[in-house]
Amino acid sequence: MSILPLVTYPDPRLKFISEPVTTFNDELKQFVKDLYDTMYKEGGIGLAAVQVGRLQRILVLDIEQDERGTPVKPMVFINPEITWESEAFQTYKEGCLSFPGQYADVDRPDEIKLTYQTETGEKKEMHATGLMAICLQHELDHLNGITFTDHLSRMKRDMIHRKLLKEKRLTEV
C-alpha cells in the first residue's frame, strides 16, 4: 500500500493535459492500487493520476463507499473519452482533493456516455447518470487540464484561488 502525495493548487501540473496509457502491465496495476489507497486515505470519491503528479489518462472512482470510507464499488477508467452528453444539466456542490476544503456549485450534463479501458486494456462503454456522471466529468476534466474552479464565475474562482494561496503562505512560514 502506497499513499501518494497530492498535487494541490497552485501546482502548474493541474493545467497539463495527460497522455494516453499505452502499456498495460503489473506496474500499471500497482499504480491503480496506489491511486485507490490515496483516494480512500484522503477521503475522496474520485482521483485522477495528474492529482498525484502522473500525467497519464487514468482515474479511479468509488462513489458508493460506506460511512467509514470502506470501498464498496471501486472503478478504474483508463483513456476515458466522453462520446455523448445530455442537453439537460444538473447542479452539484463539488469539492476536489487538489483544492482542499473548497466547494462550489457546478453545472454539468446530467447524463454522459463514455468509452474507456480497464487496467488490462479491455475496451468498454458506459452510460452514466447522477453522481457517477458528475464524478466522471470532474475527474476527466483533470485529465484535460481543467479544474472545477474553471467552471465558476471569475469572482468565485479568484476567491477560492486567493484563499488557497493565503493558506499555503501561512503553512510555509
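Structure: above.
Cut-offs applied
- Residues numbered from 1 in each chain as written.
- Predicted model: local features only at pLDDT ≥ 70, side-chain atom pairs only at ≥ 80, totals over all residues.
- Heavy atoms only, no water.
- Pairing = 2+ DSSP bridges.
- Helix = DSSP H or I, 4+ residues; strand = E, 2+ residues; numbered from the N terminus.
- Axes fitted to C-alpha atoms, helices over the stretch in contact; angles between N-to-C directions.
- Contact = heavy atoms within 4.5 Å.
- Expected span 1.5 Å × (residues − 1).
- Buried < 20%, exposed > 50% of the residue type's maximum accessible area, 1.4 Å probe, protein only.
- Polar contact = N/O pair within 3.5 Å; in protein donor to acceptor, adjacent residues only side chain to side chain.
- Phe/Tyr/Trp six-rings, centres within 6.5 Å; stacked < 30°, edge-to-face > 60°.
- Lys NZ or Arg CZ within 6 Å of the ring centre and 35° of its normal.

Trainee: Would you mind showing me how to read the sheet that holds strand β1 (residues 46-48) here?
Mentor: Backbone hydrogen bonds are what pair the strands of a sheet, in a parallel or an antiparallel way. Overall, antiparallel pairing links the five strands, which are arranged β1-β2-β3-β6-β7 in an open sheet. Edge positions in the sheet fall to β1 and β7 (123-129), since each has one partner strand and no second. The mean inter-strand angle of the sheet, taken between neighbouring strand axes irrespective of direction, is 40°. Across three bridges, β1 lies against strand β2 (residues 58-61) in antiparallel orientation. By the bridge assignment, G46 is partnered in β2 with L61. Against the sheet, helix α2 (residues 130-143) makes contact with β1, β2, β3 (75-85), β6 (111-117) and β7, and its axis sits at roughly 150° relative to β2, the strand it touches most.

Trainee: What's the story with α2 in this structure? I'm lost.
Mentor: Note that an α-helix has 3.6 residues per turn; residues three or four places apart therefore point the same way. Helix length check: α2 (14 residues) gives 21 Å between terminal C-alpha atoms against 20 Å at 1.5 Å per residue, within 8%. Counting buried residues in α2 gives 12 out of 14 residues, a clear majority hidden from the surface. Every buried residue of α2 is accounted for by M132, A133, I134, C135, L136, Q137, H138, E139, L140, D141, H142 and L143. Just downstream of α2, G145 is the residue with a positive phi angle, here 75°.

Trainee: What is the right way to read the environment of R57 from this model?
Mentor: The topology assignment puts R57 in the loop between β1 and β2. R57 sits in the buried class, given a relative accessible area of 5%. A polar contact of 3.2 Å, which involves the side chain of R57, links it to the backbone oxygen of L143.

Trainee: Would you mind going over the environment of E172 with me for this structure?
Mentor: Tracing the chain through its elements places E172 in helix α3 (residues 154-172). Note: C-alpha distance between E172 and Y116 (56 residues apart in sequence) is 40 Å.

Trainee: I would appreciate a short explanation of the packing of aromatic side chains in the present structure.
Mentor: Applying the stated criterion across every chain yields a total of four aromatic pairs. Ring geometry for Y36 and Y40: centres 6.3 Å apart, planes at 15°, overall stacked. Taken together, the positions of Y36 and Y40, both in helix α1 (residues 26-42) and four residues apart, correspond to about one turn of that helix. As far as the burial class goes, Y36 and Y40 line up, both buried. What links up through ring pairs into an aromatic cluster is the set Y9, F99 and F148. One residue, R54, lies across the ring of F31, its end atom 3.8 Å from the ring centre. Cation over ring: K113 sits above W84, and NZ or CZ is 5.6 Å from the ring centre.

Trainee: What should I look at first to understand α1 in this one?
Mentor: For α1, with 17 residues, the first-to-last C-alpha span of 24 Å sits near the 24 Å given by 1.5 Å per residue. Along α1, the positions that sit buried rather than exposed are L28, F31, V32, D34, L35, Y36, D37, T38, M39 and Y40. Those residues of α1 that are buried lie in contact with β1, β2 and β3. Between the side-chain oxygen of the N-cap and the backbone nitrogen of E27 there are 3.1 Å, and the N-cap of α1 in question is N25. G43 sits one or two residues past α1 and shows a positive phi near 80°.

The quantities given are spatial measurements derived from coordinates; they are silent on function.
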